[in-house]
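# Overview (structure and organization)
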Amino acid sequence: MAEVIIENVSKIYAGNVKAVDSINLHIQDREFMVLVGPSGCGKSTTLRMVAGLEEISGGTIRIGNRVINDVPPKDRDIAMVFQNYALYPHMTVYDNMAFGLKLRRFKKADIHKRVTEAAEILGITDYLQRRPKALSGGQRQRVAVGRAIVRKPEAFLFDEPLSNLDAKMRVQMRAELSKLHTRLETTMIYVTHDQIEAMTMGDRICVMKDGVILQVDTPLNLYDTPATVFVAGFIGTPPMNFFRGRLAKDGENIFFVDDVMRLPLLAEWKEKLAPYIDKPIVFGVRPEDIGSERALSADYPSVKAKIEVTEPMGSETYLYLDTGCQSFIAKVDAHIKTQVGTEIDLKLYMPKAHIFCGVTEKIII
């Protein structure tokens, strides 16, 4: 078990293509860190550099007290779980899990103990004599994780390990990996493009885009206090709604305005918003803060919009709406009567709204 420290690390490919641009990340001992972002953001490249599968173009990577820049992958004391399982089809589950230990010349008794312990933890004891083709996708992924567990490494690296599973199995495996982290108390670095996986599994989440780190924080802090428009839109399902317009002042009051809306903003925001009067801003509000009970409980402003699509989700309904200028989504109680094509007034819960600079797209409120 050890902390992983990434200092000013870059990866530049031929043609001066920067996959990772001088990032810094400190992963604590026993922490479950999730790297999340869209395809091409550099998250998998970062993981592969920690694993030693990609050479770094600059910077330093440490595992514990060791600088591992020039250490071969096999000597880094890490174990990696891949997206495609990477199991040997001709070997049994037992032999797949034991293979790495045999190469390291572990004694048979030690190998047997480690494999059976890992199989028990993962619930695959009954499958040890089967071959991978006789297993389901979820069972194969457990074997791949088991092969990593038997190594007892300082850190586990996961590269989108659940992306090949169906939705129900992904939910189950998310819970199992979280329980595994609690049980093993080992540092884990997990790469995914799925923000739901990131929110439900990570102690902290590192959001990446275009090879740079935008924000590192706990799931709740990322959700409540995103640093940029991108982070706010990437974290949360459905994503945060963004209304682009400008700030206007009328007497002592400050408004968000676009071609249709004129929303009075909270008085306590005046001081922070003063430098942005008559400048472009982005007004952000999450779907659950539009038309919610707490929005109705006070004299907050409302938005009039036309219902274009409804998506009943059981206990709630997603409304896809259009103001005539901008589109947005509201998450409302399923029992609220709605009809496509009609107009509806929905109050906004302003204490949870966000204001971003329209130029830098960084958070203001």
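Computed from a predicted model, the values in this text were never measured in an experiment. (Residues numbered from 1 in each chain as written. Predicted model: local features only at pLDDT ≥ 70, side-chain atom pairs only at ≥ 80, totals over all residues. Heavy atoms only, no water.)

## Some words on helix α4 (residues 137-149)
Compared with an ideal rise of 1.5 Å per residue, which puts 13 residues at 18 Å, α4 spans 18 Å between its outermost C-alpha atoms and is within 8% of the ideal. Among the 13 residues of α4, eleven are classified as buried, and the element is accordingly described as predominantly covered. What α4 keeps buried is the set Gly138, Gln139, Gln141, Arg142, Val143, Ala144, Val145, Gly146, Arg147, Ala148 and Ile149. For α4, the elements touching its buried residues are β6 (78-81), α2 (93-103), α3 (108-122), β7 (155-159) and α5 (167-184). (Helix = DSSP H or I, 4+ residues; strand = E, 2+ residues; numbered from the N terminus. Expected span 1.5 Å × (residues − 1). Buried < 20%, exposed > 50% of the residue type's maximum accessible area, 1.4 Å probe, protein only. Contact = heavy atoms within 4.5 Å.)

## Describing the pairing of strand β2 (residues 17-27)
Pairing analysis gives seven bridges linking strand β1 (residues 4-13) to β2, with the strands arranged antiparallel. Along β2, the bridge assignment pairs Lys11 with Val20. Count of turn residues in the β1/β2 antiparallel hairpin: three residues, of which Gly15 carries a positive phi of about 85°. (Pairing = 2+ DSSP bridges.)

## What about the pairing of strand β18 (residues 343-347)?
Of the two faces of β18, the one holding Ile344 and Leu346 is buried and the one holding Glu343, Asp345 and Lys347 is not buried anywhere. Of the pairings in the sheet, the one linking strand β15 (residues 302-312) to β18 comprises five bridges and is antiparallel in character. Note that in β18 the partner of Val303 across the bridge is Leu346.

## A few points about the packing of α2 against α3
Where α2 contacts α3, the axes come no closer than 10 Å and their chain directions differ by 135°. When the axis of α2 is compared with that of α3, the two are oblique. Viewed along their axes, α2 and α3 form a crossing whose handedness is right-handed. Residues Tyr94, Met97, Ala98, Leu101 and Lys102 of α2 lie in contact with α3, whose contacting residues are Ile111, His112, Arg114, Val115, Ala118 and Ala119. Residues of the contact of α2 with α3, tallied by class, amount to eight nonpolar, one polar and two charged. (Axes fitted to C-alpha atoms, helices over the stretch in contact; angles between N-to-C directions. Parallel < 35°, antiparallel > 145°, perpendicular 65-115°, else oblique. Left-handed = near helix turned anticlockwise from the far one by under 90°. Nonpolar A, V, L, I, M, F, W, Y, C, P; charged D, E, K, R; others polar.)

## Quick notes on the state of the cysteines
The final tally for this structure, using the stated rule, is zero disulfides. Summary of cysteine pairing: Cys325 is not part of a disulfide, and the nearest cysteine sulfur, belonging to Cys357, is at 19 Å. (Disulfide = S-S within 2.5 Å.)

## Concerning the nonpolar core
Ranked by internal contacts, the top residues of the largest apolar core, which has 45 residues, are Met97, Val115, Val145, Phe158, Leu177 and Tyr190. Setting aside residues no more than four positions away along its own chain, Phe158 makes contact with Leu47, Val81, Val145, Leu177, Met188, Ile189, Tyr190 and Val191. With 33 residues, the next largest nonpolar core counts Leu247, Val332, Ile344 and Tyr349 among its residues. (Core = buried A, V, L, I, M, F, W, Y, C linked by side-chain atoms within 4.5 Å.)

## What to know about unusual backbone geometry
Following Thr237, the chain continues to Pro238 via a peptide bond in cis, the omega torsion being -10°. You can see Pro238 is positioned in the loop between α8 (229-234) and β11 (241-250). Of note in the backbone geometry, Glu160 takes a positive phi value of approximately 45° without being a glycine. Here Glu160 lies in the loop between β7 and α5.

## Quick look at the sheet that holds strand β8 (residues 187-192)
Two pairing modes exist for strands in a sheet, parallel and antiparallel, and in both the strands are linked by backbone hydrogen bonds. Taking strand neighbours across the sheet as the criterion, the six strands line up as β6-β7-β8-β3-β9-β10 in an open arrangement whose pairing is mixed. Pairing within the sheet leaves two strands with one partner each, and these edge strands are β6 and β10 (212-217). Direction aside, neighbouring strands of the sheet carry axes that sit 15° apart on average. Pairing between strand β3 (residues 32-36) and strand β9 (residues 204-209): four bridges, direction parallel. If you follow Leu35 over to β9, its bridge partner there is Cys206. Relative to β6, α4 is tilted by about 175°, and along the sheet it contacts β6 and β7. Against the sheet, α5 contacts β3, β7 and β8, and its axis sits at roughly 160° relative to β8.

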